[in-house]
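Observations on the three-dimensional arrangement
One letter stands for each residue in the lines below.
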Amino acid sequence: MKKNKDYTGIDCARLVFALLIITIHTSPLASFWQTGDFVLTRVIARTGVPFFFMVSGFFLVSRYTCGNQELINFVKKTSVIYGIAMLIYIPVNIYNGYFQTSHVLPEIIKDIVFNGTLYHLWYLPASITGAVISWFLVKKLDFTKALVISFALYITGLFGDSYYGIAENIPVLKEFYGQLFQVADYTRNGIFFTPVFMILGGYIREGHNKLPLGINIAGFIASLVLMLTEALILHNFKLQRHDSMYIFLLPCMYFLFSMVLYYRGKRLANIRTLSLVIYIIHPLIIIIIRLCAKLMHIQKIITGNSMVYYLLTCSFSIIFSISAINIWNKYKPFKPKYRKGTDRAYIEINLDNLGHNVKALQKIMPEKCKLMAVVKAEAYGHGSFGISVHLNKNGINTFATATIDEGIRLRKYGIKGEILILGYTDVRRIHELKKYKLVQTITDWDYAKALNKQGICIKAHIKIDTGMHRLGIDVCDIEAVKRVFNMKNIEICGIYTHLCCADSLEPEDILYTRNQISSFYRLADILKNSGIKVPELHIQSSYGLLNYPGIYADYIRAGISLYGVLSSPEDRTVIDPGLRPVLSLKSKIILIRNLEKGESAGYGRQFIAERPSRIAIVPAGYADGIPRSLSCGRGSVLINGKLAPVAGRICMDQMAVDITDIEDARMGDIVTIIGAENDMAGAAEIAGLTGSISNELLSRMGARLPVVFS
Ligand SMILES: *Cc1c(COP(=O)(O)O)cnc(C)c1O
């Protein structure tokens, strides 16, 4: 595992920005220097809230998703915090006469949705609205379009904020903003203000800022100076209705946030909570300080000196927040540590090993040849979401699936780049091929004709049968291939074949494979000589690469090797790139039972204790992909590094293992059924025990297993 991965910089900066925001409400320089105070509280401190929005966006807004759960969680959590904050401030609202205005109800609704029920609380509803808008913009469009729209919203907001003086002089705009301000007091809200920052946060998260630290610092300083100039000019000409939004705030935040990201290290979760509590309670502290000063007749010393006033507010806010957090931690209901998804049986994915395999394969691929990640069958049981998103983020832009639905699912996860469907698709689904920009395999001549007839232009790769006799146009049927190239509605971007015995190093299989390869190249030459522009070629899947690494191709279709295992344990390959297994199948002991000699366990009484035995029950069964043929001692699992044989028949949802010889085995111990880190329980070995290959074992891993990342 890599160390120092967490965003320490973000955590520290949160605290700094929380204290900066307090300046807005206490004006620390006011007693000494008016302009300085304006610069600090109306310009510099205005970076605080956008920073928090960017942090939320950074962790929330991504084009990659597996449903809307993250958004729902964010909205729920923020709503609870907002609810608590509103309750805390009800006494203040009462004191202010808030509930005595004439249209109480509409005002309350407006405040809850836009303005916040106390001045600083607008941040929370703005987070919620902004998150929803940003989420859907990025989901429905791509980042660039989402940024353009959110920027347009921001500009709209700008003319109702610090540039209002201009809008006011244009009747249409004046009317527009007049209407707007009926509903919301400011344009600084979740619609106009928040989205651009949240989307910018997500955009940076996806690695779009690759500038070195020095450039980011320089960019920040330059934009800060420009923003100050902008603010002073606007202020001078009295154009500001409010002073939250500046044009140069955007580049300023972009560079600032990117700078903060450079500081990585330990996670400082407590500081995270601390900054939030400080943000919410500091106005309360302000009120209390003022009240105390009044009661003690020391207003002059305290509120009369703006710096003392600010420092006192900060100190008490910090002390109060730390105490509140400590009390909460002490008395909060005890919850034992629980790793989501690991309560029963689960798939554990090691993404570092996946990354390692990509690099190892790329190293042995010819130059300019690209890796096409084969992620069919839920990425061979590894969960196609996690695998394909990780690969896409790390520069893999070509994927292959077996079916159109698998391809569509990848698009819905947010995968960009080429997706080739290796199998058959009903021609009536051509609209979906087009809509999701999927590339279809031409499986034979009749299929090409039918597809062309649909009258919708799509991209395709032609598959050539060079001897496997499964899919593809016969390699000798040159006329048919040429005619497919000339079809009006099919844009051929690739041509490929599949080897059927590249895994074998038997001389006759090698000969067969070499013939497959040369007949494919011969076809390519003939096409070229007859004036057809030969598109990208691909031939090899995993074993093709490992046993025939030198041959020319534009792509390698890597499946099983990407996941770091061989098909069978006895397989030898010409090249050993040192692949590492990505998947483990794990569960845990949920019950231990002692059997007397002669007692039986499980269906059919197939396990009979030949000695007093300890049996552990493990909640994983054949519906989770564990082959039933491993029953009755044929297979074993790993517990504390030792092998425990399967006792009796494996059931649909659970199995028993004999732990008599593993004395330290306890309830709750992890049971490794397939192990990434241990050869004793390798996927190929286990598959071998059942007379199968790891490809089958892994791809049958049940759909109900949760995937967790190690
Ligand atoms: C599944 C598949 C692959 C991937 O094969 P591996 O041996 O797992 O690398 C490549 N090409 C085609 C046509 C496939 O169907």
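Attention here is on the structure that accompanies the text.

Calculation rules
Residues numbered from 1 in each chain as written. Predicted model: local features only at pLDDT ≥ 70, side-chain atom pairs only at ≥ 80, totals over all residues. Heavy atoms only, no water. Helix = DSSP H or I, 4+ residues; strand = E, 2+ residues; numbered from the N terminus. Expected span 1.5 Å × (residues − 1). Bend = angle between axes of the 7 residues up to and from the residue. Core = buried A, V, L, I, M, F, W, Y, C linked by side-chain atoms within 4.5 Å. Buried < 20%, exposed > 50% of the residue type's maximum accessible area, 1.4 Å probe, protein only. Contact = heavy atoms within 4.5 Å. Salt bridge = Lys/Arg side-chain N within 4 Å of Asp/Glu carboxyl O. Phe/Tyr/Trp six-rings, centres within 6.5 Å; stacked < 30°, edge-to-face > 60°. Lys NZ or Arg CZ within 6 Å of the ring centre and 35° of its normal. Near = heavy atom within 4 Å. Areas by Shrake-Rupley, 256 points an atom, 1.4 Å probe, with all protein chains shown as cover. Nonpolar A, V, L, I, M, F, W, Y, C, P; charged D, E, K, R; others polar. Axes fitted to C-alpha atoms, helices over the stretch in contact; angles between N-to-C directions. Parallel < 35°, antiparallel > 145°, perpendicular 65-115°, else oblique. Left-handed = near helix turned anticlockwise from the far one by under 90°. Pairing = 2+ DSSP bridges.

1. A look at helix α13 (residues 269–295)
For an α-helix, the turn length of 3.6 residues means that residues three or four places apart are oriented alike. Its 27 residues give α13 an end-to-end C-alpha distance of 38 Å, which sits within 8% of 39 Å, the value for a rise of 1.5 Å per residue. At I281, α13 shows its maximal bend, which comes to roughly 45°, and the proline P283 appears one to four places after that position. H297 sits one or two positions beyond α13 and adopts a positive phi of about 55°.

2. Focus on the nonpolar core
Among the nonpolar cores identified, the biggest contains 112 residues, and I462, I495 and I639 are the most heavily contacted of them. When near neighbours in sequence (up to four residues on either side) are disregarded, I639 contacts I589, A644, V657, I659, I662, A665, D669, I670 and V671. Among the nonpolar cores identified, the runner-up in size contains 87 residues, and F220, L224, C252 and Y310 belong to it.

3. Examining the pattern of salt bridges
What the rule picks out here adds up to 22 salt bridges. With a shortest N-O distance of 2.6 Å, R344 and D624 are connected by a salt bridge. On the criterion of sequence distance, the pair formed by R344 in the loop between α15 (306–331) and β1 (346–349) and D624 in the loop between β15 (613–618) and β16 (636–639) is long-range, its members being 280 residues apart. With a relative accessible area of 26%, R344 lands in the partly exposed category. Measuring nitrogen to oxygen at the nearest pair gives 4.0 Å for the salt bridge that ties D658 to R611.

4. Comments concerning the packing of aromatic side chains
Using the criterion set out here, one finds 26 aromatic pairs in the structure. Ring centres 6.0 Å apart and planes at 70° place the aromatic pair Y7 and F59 in the edge-to-face group. Highlighted residues: Y7 in the segment before α1 (8–26) and F59 in helix α3 (residues 48–60), separated in sequence by 52 residues. The buried category is assigned to Y7, whose relative accessible area is 17%. On the basis of relative accessible area, F59 is assigned to the partly exposed category, the value being 37%. Ring centres of Y154 and F197 lie 5.7 Å apart, and the angle between their planes is 90°; on these two criteria the pair is classed as edge-to-face. Of this pair, Y154 sits in helix α7 (residues 143–158) while F197 sits in helix α10 (residues 194–205), placing them 43 residues apart in sequence. Assigned by exposure class, Y154 and F197 land together as buried. The ring of W122 has R188 lying over it, and the distance from NZ or CZ to the ring centre is 4.0 Å. In this structure, R241 packs its charged tip against the face of Y164, placed 5.8 Å from the ring centre.

5. Brief notes about the site of the ligand
Inspection of the region around the ligand gives 14 residues, with K376, Y380, S542, R557 and I560 positioned closest. Relative to its free-state accessible area of 400 Å², the ligand is covered by the protein chains to the extent of 88%. Elements that contribute at least two residues to the shell around the ligand include exactly α17 (376–381) and β10 (555–558). Split into classes, the residues belonging to the shell around the ligand amount to 5 nonpolar, 5 polar and 4 charged.

6. Points about the packing of α1 against α3
The interhelical angle for the contact between α1 and α3, taken along N-to-C directions, is 150°, at an axis separation of 9 Å. Here α1 lies roughly antiparallel to α3, going by the angle between them. Where α1 crosses over α3, the handedness of that crossing is left-handed. Contacts from I10, A13, R14, F17, A18 and I21 of α1 reach α3 at G48, V49, F51, F52, V55, F58 and F59. For the contact of α1 with α3, the residue count by class is 11 nonpolar, 1 polar and 1 charged.

7. Here we look at the pairing of β16
Direction of pairing for β16 relative to strand β17 (residues 642–647): antiparallel, over a ladder of 4 bridges. Paired with I639 across the two strands is K642, which belongs to β17. Hairpin connection between β16 and β17: a loop of 2 residues separates the two successive antiparallel strands, and N640 in this loop has a positive phi of roughly 50°. Strand direction decides the pairing type here: β16 and strand β19 (residues 670–674), joined by 2 bridges, are antiparallel. Counted as the bridge partner of I639 is V671 from β19.

8. A closer look at the packing of α10 against helix α12 (residues 249–260)
Two packed helices can be described by the angle between their axes and the distance between those axes. In contact at an axis separation of 11 Å, α10 and α12 are set at 35° when each is read in the N-to-C sense. Considering only the axes of α10 and α12, their crossing is right-handed. Facing α10, whose interface residues are V196, F197, L200 and I204, α12 presents L249, L250, M253, Y254, F257 and S258. Looking at the contact of α10 with α12, its residues break down into 9 nonpolar, 1 polar and no charged.

9. Here we look at the environment of G702
Here G702 shows up in the loop between α26 (694–699) and β20 (707–709). Distance from G702 to A402, taken between C-alpha atoms, is 18 Å for residues 300 residues apart in sequence. Ignoring anything within four residues of it in the chain, the contact list for G702 reads A623, D624 and G625.

10. With respect to helix α23 (residues 507–529)
An ideal rise of 1.5 Å per residue puts 33 Å on 23 residues; α23 measures up with 33 Å between its terminal C-alpha atoms. At its buried positions, α23 is contacted by β6 (458–465), α22 (478–485), β8 (490–497) and β9 (536–538).

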